[in-house]
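Listed here are the chains, written in short residue letters.
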Amino acid sequence: MRTVTITVSGRVQGVGYRYALQQEASSRGVAGWVRNRRDGRVEARLAGDADAVEDVIAWAHDGPPAAQVDDVDVLDEASELSTGFEIRPTA
């Protein structure tokens, strides 16, 4: 089990990035939450099997086709913030 907080910067708001990240994480059995930040970045807490979390992090570097990701910061110390955009695994 691995829990991380990732912060994605670049052109990631308004291009469906948050929703696509939710769907990607959910399809891999990863739980947590995702939110748009006021500074234009997207932040997510990911929790699940270590390999599945790594796969979601790898996906985050590209994101959906309309996104232009500049950087993905990964913190192994997970943020405890809460949001209404929960990720529920479907796998």
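The protein chain goes by acylphosphatase in an unreviewed UniProt entry, where it is assigned to Microbacterium testaceum.

Asker: Provide a residue-level description of the overall build of the protein chain, including the pertinent values.
Answerer: Scanning the protein chain for helices and strands turns up two helices and five strands. Reading the protein chain from its N end, one meets helices and strands in the order β-α-β-β-α-β-β. Relative to a compact globule of 91 residues, whose C-alpha radius of gyration would be 12 Å, the protein chain shows 11 Å and is just as compact. Along the first, second and third principal axes, the C-alpha atoms of the protein chain reach 30 × 25 × 20 Å. Partitioning the contacts of the protein chain with sequence separation of at least 6, the portion at a separation of at least 24 is 77%. Where the 10 positive side-chain charges of the protein chain centre and where its 15 negative ones centre are 8 Å apart.

Asker: Give me the lowdown on the UniProt feature "active site" (unreviewed entry) in the protein chain, citing residues and values where you can.
Answerer: The UniProt record marks Arg18 and Asn36 with the feature "active site" (unreviewed entry), using the residue numbering of this structure. Taking the farthest pair of C-alpha atoms as the criterion, the annotated set spanning 19 residues converges on one region, since that pair is 7.1 Å apart. You can see Arg18 is positioned in helix H1 (residues 17-27). Along the polypeptide, Asn36 turns up in strand S2 (residues 31-36).

Asker: Residue-level account of the environment of Ile57, with values.
Answerer: Inspection of the secondary structure assignment puts Ile57 in helix H2 (residues 50-60). The class for Ile57 is buried, based on a relative accessible area of 7%. Considering only alpha carbons, one finds Ile57 and Ile6, 51 residues apart in sequence, at a separation of 7.8 Å. Sequence-distant contacts of Ile57, defined by excluding residues within four places in its chain, comprise Arg2, Val4, Ile6, Leu46 and Val74.

Asker: Can you explain the nonpolar core? Please cite residues and give values.
Answerer: Formed by 23 residues in total, the largest nonpolar core has its most connected members in Ile6, Tyr17, Leu21, Val30 and Leu46. Only strand S1 (2-11), H1, strand S3 (42-48) and H2 provide two or more residues apiece to this core. Counting residues per element, this core draws most heavily on H2, at six residues.

Asker: Can you break down the sheet that holds strand S4 (residues 68-75) residue by residue, with the values?
Answerer: Remark on secondary structure: sheet strands pair via backbone hydrogen bonds, oriented parallel or antiparallel. The five strands lie next to each other as S4-S1-S3-S2-S5, forming an open sheet whose pairing is antiparallel. Each edge of the open sheet is held by one strand with a lone partner, namely S4 and strand S5 (86-87). Inspection of the sheet shows S2 paired to S3 by six bridges, in the antiparallel sense. From the neighbouring strand, Val34 faces S3, where its bridge partner is Ala44.

Asker: Any details on the pattern of salt bridges? Residues and values, ideally.
Answerer: The full count for this structure, using the stated rule, is eight salt bridges. Close ionic contact of Arg2 with Glu54 constitutes a salt bridge, the shortest N to O distance being 1.8 Å. One end of the pair, Arg2, is in strand S1; the other, Glu54, is in helix H2, and 52 residues separate them in sequence. Residue Glu54 is classed as partly exposed on the basis of its relative accessible area, which comes to 38%.

Rules used throughout
- Along each chain, the written sequence defines residue order, and numbers are assigned to residues from 1.
- Only residues with pLDDT of 70 or above have their local features reported here, since the model is predicted, and side-chain atom pairs are shown and tallied only from 80 upward, although totals for entire chains, interfaces and linings are computed over all residues.
- Neither water nor hydrogens contribute to the side-chain values; these are computed over all heavy atoms in the structure.
- Under the scheme used here, helices are H or I runs from DSSP no shorter than 4 residues and strands are E runs no shorter than 2 residues, and both carry numbers assigned from the N terminus.
- This radius of gyration counts C-alpha atoms alone. The globule rule is 2.2 Å times how many residues there are, raised to the power 0.38.
- Every residue pair with non-hydrogen atoms within 4.5 Å of one another is taken to be in contact.
- Neither His nor the chain termini are counted; the positive set is Lys and Arg, and the negative set is Asp and Glu.
- Charge positions come from single atoms, namely NZ of Lys, CZ of Arg, CG of Asp or CD of Glu.
- UniProt positions are given in the numbering used here, feature names are shortened, and annotations may be inferred rather than shown by experiment.
- Burial classes follow relative accessibility: with a 1.4 Å probe on protein chains only, a residue under 20% of its type's maximum area counts as buried, one over 50% as exposed, and anything between as partly exposed.
- We define a nonpolar core as any set of buried Ala, Val, Leu, Ile, Met, Phe, Trp, Tyr and Cys residues linked to one another through side-chain atoms lying within 4.5 Å.
- At least two DSSP bridges between two strands are required for those strands to pair.
- Only one rule defines a salt bridge in this text: a Lys or Arg side-chain nitrogen within 4 Å of an Asp or Glu carboxyl oxygen.

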